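# Examination of the molecular architecture
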Amino acid sequence: MNNQEIEVKMEIKDEAQIENIRGLLQENKEQSWQRIDMKAIYYDTEDNFYQKHKIAYRVRQENDCFVATYKSGKVNTQGVFERVEINKKVTNLNADISVFADVDEVWNLIKETKDKKFMPIVITDFVRECMEINWLNSRVEIALDLGFVQGNKRKSPICEVEIELKSGRIEDLLSLKNELSEKFSLELSTVSKYKKGLILAEQI
């Protein structure tokens, strides 16, 4: 979707519901669950350049692969995250923003930080179980994320469902969100993992 990420997040308040959610989705015979072990480090400069510009810069290990990600955007009143997301394969978890040098709209904003010292601000460590399904007239990815987010030395659990629109209509995404929310008493979340880490680190 041209580097645009459109998704909703919902908190699982009752962990006993996790198996029920898995069970419902496993009725879908098109796909099987994919398991991904994810560990990410979100970086910023000492003068908080990225926070000031409402950018998330992370490097994440996804099983045996490493991916650097630039994200910027917003969440609307319906709890839909609409963000620019640009991913680049890298070889380790270290900060190196030069991987975005070929993306003009990103590089023109962040190139002034290429010689600055980067600090790890937030860490996430979780297991993602995900699958893509057809829902109404759209294609969506459903992910169950279980683990923790850390800001400074403080940790908080991650126990959430993410639904990302791969192709189709936002209305269909919201329809699936409503269905899962009602069936499993999920709570809409408008706070990203990164922002949760910043709150833990008392940076916002």
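In case you missed it, the structure is sitting above this.
Reading guide: rules and limits
Residues numbered from 1 in each chain as written. Predicted model: local features only at pLDDT ≥ 70, side-chain atom pairs only at ≥ 80, totals over all residues. Heavy atoms only, no water. Pairing = 2+ DSSP bridges. Helix = DSSP H or I, 4+ residues; strand = E, 2+ residues; numbered from the N terminus. Buried < 20%, exposed > 50% of the residue type's maximum accessible area, 1.4 Å probe, protein only. Lys, Arg positive; Asp, Glu negative; His and termini not counted. Salt bridge = Lys/Arg side-chain N within 4 Å of Asp/Glu carboxyl O. Polar contact = N/O pair within 3.5 Å; in protein donor to acceptor, adjacent residues only side chain to side chain. Contact = heavy atoms within 4.5 Å. Phe/Tyr/Trp six-rings, centres within 6.5 Å; stacked < 30°, edge-to-face > 60°. Lys NZ or Arg CZ within 6 Å of the ring centre and 35° of its normal.

### Structural notes on the pairing of strand 6 (residues 118-135)
As judged from the 12 bridges shared by strand 2 (residues 34-45) and strand 6, these two strands associate in the antiparallel manner. Counterpart to Lys39 in the pairing with strand 6 is Asp125. Where strand 6 lies against strand 7 (residues 138-151), 14 bridges are found, and the strand directions are antiparallel. Within strand 7, the position partnered with Asp125 by the bridge is Phe148. Between the end of strand 6 and the start of strand 7, which pair antiparallel, lie 2 residues, with Leu136 showing a positive phi angle near 55°.

### With respect to the side chain of Arg58
Among the structural elements, Arg58 can be located in strand 3 (residues 55-62). Among buried charged residues, Arg58 stands out as having no salt bridge; its nearest opposite-charge side chain is Glu85, 4.6 Å away. At 3.5 Å, the side chain of Arg58 forms a polar contact with the side chain of Tyr42. Leave out the neighbours within four places in its chain, and Arg58 touches Ala40, Ile41, Tyr42, Val67, Ala68, Thr69 and Lys71.

### Digging into the packing of aromatic side chains
Applying the stated criterion to the full structure yields 8 aromatic pairs. The interplanar angle of 70° and the centroid separation of 5.2 Å between the aromatic rings of Phe49 and Tyr50 together place this pair among those described as edge-to-face. Note on accessibility: Phe49 and Tyr50 belong to one class, buried. On the numbers, 6.2 Å between centres and 80° between planes, the contact of Tyr57 with Phe100 is edge-to-face. Note that Tyr57 is positioned in strand 3 and Phe100 in the loop between strand 5 (80-90) and helix 3 (104-110), a separation of 43 residues in sequence. There is no split in this pair, since Tyr57 and Phe100 are both buried. A connected cluster of aromatic rings, assembled from ring pairs, spans Tyr43, Phe49, Tyr50, Tyr57, Tyr70, Phe100 and Phe118. Directly above the ring of Phe81 sits Lys9, whose terminal nitrogen or CZ lies 5.4 Å from the centroid. The lysine or arginine in question, Lys155, covers the ring of Phe148, its NZ or CZ lying 4.2 Å from the ring centre.

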